[in-house]
Amino acid sequence: NMGNLLKVLTCTDLEQEPNFFLDFENAQPTDGEREVWEQVDLVLKDARSILDELQAYKGAGQEIREAIQNPNDEALQEASWAAVVPLVGKLKKFYEFSLRLEAALHSLLGALTNETYDDPTQHLEREQALAKQFAEILHFTLRFDELKMTNPAIQNDFSYYRRTLSRMRINNTQAEGENEVNNELANRISLFYADATPMLKTLSDGTTKFVSENKNLPIENTTDCLSTMASVCKVMLETPEYRSRFTSEETVSFCLRVMVGVIILYDYVHPVGAFSKSSKIDMKGCIKVLRDQPPNSVEGLLNALRYTTKHLNDESTNKTIKSMLQQQ
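Residues numbered from 1 in each chain as written. Predicted model: local features only at pLDDT ≥ 70, side-chain atom pairs only at ≥ 80, totals over all residues. Heavy atoms only, no water.

Undergrad: Describe the pattern of salt bridges, listing the residues and the values that go with them.
TA: Opposite charge on two side chains allows them to pair when their charged atoms are near. For the coordinates displayed, the defined rule picks out 13 salt bridges. Note that Glu184 is salt-bridged to Arg188, the shortest N-O span being 2.8 Å. Here Glu184 and its partner Arg188 are both found in helix 8 (residues 183-194), four residues apart, which amounts to about one turn of the helix. Since its relative accessible area comes to 52%, Glu184 is described here as exposed. Through salt bridges that share partners, Arg143, Glu146 and Arg257 make up one connected network. (Salt bridge = Lys/Arg side-chain N within 4 Å of Asp/Glu carboxyl O. Helix = DSSP H or I, 4+ residues; strand = E, 2+ residues; numbered from the N terminus. Buried < 20%, exposed > 50% of the residue type's maximum accessible area, 1.4 Å probe, protein only.)

Undergrad: Explain empty space enclosed by the protein to me, and be specific about the residues and the numbers.
TA: Inspection of the entire model under this criterion finds one cavity of 30 Å³ or more. When its volume is computed, the largest cavity comes out at roughly 70 Å³. Lining the largest cavity are Leu142, Asp145, Glu146, Met149, Thr197, Leu200, Gly300, Leu301, Ala304 and Thr308. Elements represented by at least two residues in the lining of the largest cavity include exactly helix 6 (128-149) and helix 14 (295-307). If one sorts the elements of the lining of the largest cavity by residue count, helix 6 sits on top with four residues. (1 Å grid on protein atoms, 1.4 Å probe; cavity = no way out; pocket = protein on both sides within 12 Å on 5 of 7 lines; lining within 4 Å. Points joined across faces, edges and corners; volume = space filled by probe spheres on them.)

Undergrad: Summarise the environment of Leu76; cite the residues concerned and give the values.
TA: Here Leu76 lies in helix 4 (residues 74-113). Overall, the relative accessible area of 22% leaves Leu76 in the partly exposed class. Between the C-alpha atoms of Leu76 and Glu63, which are 13 residues apart in sequence, the distance is 7.4 Å. If we skip the residues at most four places from it in the chain, Leu76 touches Glu66, Ala67 and Asn70. (Contact = heavy atoms within 4.5 Å.)

Undergrad: Describe the nonpolar core, and please don't skip the residues or the numbers.
TA: A general tendency of soluble globular proteins is for nonpolar side chains to be buried together. Within the largest apolar cluster, 101 residues are counted, with the highest numbers of intra-cluster contacts made by Phe134, Phe140, Tyr161, Ile263 and Leu290. If you tally residues by element for this core, the top one is helix 4, at 17 residues. Apart from the residues lying within four places of it in its own chain, the contact partners of Ile263 are Ala230, Ala274, Ile281, Met283, Cys286 and Leu305. (Core = buried A, V, L, I, M, F, W, Y, C linked by side-chain atoms within 4.5 Å.)

Undergrad: Any chance you could break down the packing of aromatic side chains for me, citing the residues and the numbers?
TA: Inspection of the entire model under this criterion finds seven aromatic pairs. A ring pair is formed by Tyr95 and Phe192, whose centres lie 5.5 Å apart and whose planes are at 70°; its orientation type is edge-to-face. Of this pair, Tyr95 sits in helix 4 while Phe192 sits in helix 8; the two residues are 97 residues apart in sequence, bridging distant segments of the chain. Accessibility classification places Tyr95 together with Phe192 in one group, the buried group. Look at Phe97 and Phe140: their rings are 5.3 Å apart centre to centre, the planes differ by 70°, and that puts the pair in the edge-to-face class. Here Phe97, found in helix 4, pairs with Phe140, found in helix 6; they are 43 residues apart in sequence, far enough to count as distant. Accessibility expressed as a relative area gives 3% for Phe140, which makes it buried. Grouped by ring-pair contacts, the aromatic residues Phe94, Phe97, Phe140 and Phe144 constitute a single cluster. (Phe/Tyr/Trp six-rings, centres within 6.5 Å; stacked < 30°, edge-to-face > 60°.)

Undergrad: Before we move on, could you go through the packing of helix 4 against helix 10 (residues 219-238) and cite the residues and values that matter?
TA: Closest axis-to-axis distance for the helix 4/helix 10 pair is 10 Å, and the angle between their directions is 100°. Taken together, helix 4 and helix 10 sit at an angle that is classed as roughly perpendicular. Listed contacts from helix 10 to Leu109, Leu112 and Thr113 of helix 4 are Asn221, Thr222 and Cys225. In the contact of helix 4 with helix 10, the residues fall into three nonpolar, three polar and no charged. (Axes fitted to C-alpha atoms, helices over the stretch in contact; angles between N-to-C directions. Parallel < 35°, antiparallel > 145°, perpendicular 65-115°, else oblique. Nonpolar A, V, L, I, M, F, W, Y, C, P; charged D, E, K, R; others polar.)

Undergrad: An account of the state of the cysteines is needed here, citing residue identities and associated values.
TA: For the structure shown, the criterion picks out zero disulfides. In this structure Cys233 is a free cysteine whose sulfur lies 4.4 Å from that of Cys255, the closest cysteine sulfur available. Note on Cys255: relative accessible area 0%, which makes it buried. (Disulfide = S-S within 2.5 Å.)

Undergrad: Explain the side chain of Ser279 to me, using residue names and the numbers behind them.
TA: Take Ser279: it is sitting in the loop between helix 12 (249-269) and helix 13 (283-291). At 2.8 Å, the side chain of Ser279 forms a polar contact with the backbone oxygen of Ala274. In this structure Ser279 touches Tyr266, Gly273 and Ala274, once residues within four positions along its chain are discounted. (Polar contact = N/O pair within 3.5 Å; in protein donor to acceptor, adjacent residues only side chain to side chain.)

Okay, here's the thing in structure tokens:
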């Protein structure tokens, strides 16, 4: 078996791309998938409201500015604290959701990389409902991080909360605020939001952890699952008869986002990354698919490849790939 594996790994012949239609719109779980599917479904149900809350997050910038400019005005100090506490409750909720998302990812990776089928193509083709959930997690992750990156209030609110809290501790003032975030939790939350793309970091750390905790599973089971998913998305997007089967335009942007998400994960988890010669992802093909979309619709995704991957700037990265990404 080892011989076969090596043959598969050294065969970088991308001609044999997995060629099947992954039904992102209608895939339903089979009996074998149901248990994992139901666990993950609970998490995904909450993902939508998390995005809605994040999108509506306005922050307490005004109240904080007034409090800082008038340090002796007690009423303003209280007003800013009252504005910040419920927001910190939301930020804590988003952070706690990231832990649930990581657990869901572990269940899915466990199901999609085990030895039930011989290869990742079979897994994805026969466990389409789980593949779809994996795709939904990636879609959520990129969307969450896009919203977070464009909202500086999040970090401002949280650091104001921490500064005020430590001042209250020094003065022994009782901090009003039900959802008191203790110091250790505040440190973890702070680290989470300090990352430019916190959910993506959660997923890539989670995937890396999955690989290291499952020593009996070859790392290829995981990276091949990711590269296969990238290929499937690319092939569906560039093949007219597949693309015409999408009933909704939304599915196109879903597919694009998922393709970029798995590329980034692969780049984090694979020892040499997505951009090297030995990568199993056809990066030129994937970038070309992105470039073929209406330009303003994919700028965020191109930026994600430019700025949130790990290996793009390695010496070994093909110059053509770099320049394809650099073009405006």
